[in-house]
Amino acid sequence: MSDDTKQRETEITTPSDTEIRIERTFDAPRELVWECHADPDLLCEWLGPRRLTMRVEEYDFRPGGSYRYVHSDDEGNEHVFFGEFLEVAEPELIVQTFCFVMEPPVPPSIDRTEFVDLGDGRTRLVTSSEFESKELRDGLIQSGMESGVVQGYARLDELLERRRG
């Protein structure tokens, strides 16, 4: 495996019974990776699996602000995600709650995304998600989260390449 392929691998681990950790290196400067998270129009271009389209209904990107977006498939099925931004420190850190609409409702996870400048125009994204219980963590893993994250990050690679021009 080449170094380029290895650095583009998405590493998903479970460091504790209530945590998921996702790490990925991108060939783009930290400010550009940040912009793709901060701008809701750009977020729609990459977040989630390829088979779904996304629309943002709310995106108040500041501490105390909230967000809500919807992923839809070709059959009209929708998956609604929402939460609150707890901390936004450009271009280094986003901390937010993460919820999705389901019955019965489940408590949110707390997601902490760090944007690490590796130099040479590369950025390491590290996201840690903390859940109230092992069952909630495992439920998200079993939902197909890994495939969605891997596809989303591949789409982010493509967006970053287009934006670098």
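Up top is the structure.
Bear in mind the structure is a predicted one, so any value in this text is a computation, not a measurement.

Novice: Could you clarify how one ought to interpret the overall build of the protein in this entry?
Specialist: Of regular secondary structure, the protein possesses 5 helices and 8 strands. Seen in sequence order, the protein has helices and strands lined up from the N terminus as α-β-β-α-α-β-β-β-β-β-β-α-α. Relative to the 2.2 N^0.38 estimate, which gives 15 Å for 165 residues, the radius of gyration of the protein is 15 Å and therefore close to what a compact globule would have. Along the first, second and third principal axes, the C-alpha atoms of the protein reach 45 × 35 × 35 Å. Of all 165 residues assigned to the protein, the portion counted as buried reaches 43%. Within the protein, counting contacts between residues at least 6 apart in sequence, those at least 24 apart form 47% of the total. Of the roughly 8,900 Å² of accessible surface on the protein, a fraction of 47% belongs to carbon and sulfur atoms. Of the charged side chains in the protein, 19 are positive and 37 negative; the average position of the first set lies 3 Å away from that of the second.

Novice: Would you take a moment to explain the packing of aromatic side chains for this structure?
Specialist: Pairs of aromatic rings are described using the distance from one ring centre to the other and the angle between the two planes. The final tally for this structure, using the stated rule, is 13 aromatic pairs. Taking the centre distance of 5.8 Å and the plane angle of 20° together, the rings of Y67 and Y69 count as stacked. A relative accessible area of 2% places Y67 in the buried class.

Rules used throughout
- Residues numbered from 1 in each chain as written.
- Predicted model: local features only at pLDDT ≥ 70, side-chain atom pairs only at ≥ 80, totals over all residues.
- Heavy atoms only, no water.
- Helix = DSSP H or I, 4+ residues; strand = E, 2+ residues; numbered from the N terminus.
- Rg over C-alpha atoms; globule rule 2.2 N^0.38 Å.
- Buried < 20%, exposed > 50% of the residue type's maximum accessible area, 1.4 Å probe, protein only.
- Contact = heavy atoms within 4.5 Å.
- Areas by Shrake-Rupley, 256 points an atom, 1.4 Å probe, with all protein chains shown as cover.
- Lys, Arg positive; Asp, Glu negative; His and termini not counted.
- Charge placed at Lys NZ, Arg CZ, Asp CG, Glu CD.
- Phe/Tyr/Trp six-rings, centres within 6.5 Å; stacked < 30°, edge-to-face > 60°.

Purely geometric stuff here, so don't read any function into it on its own.
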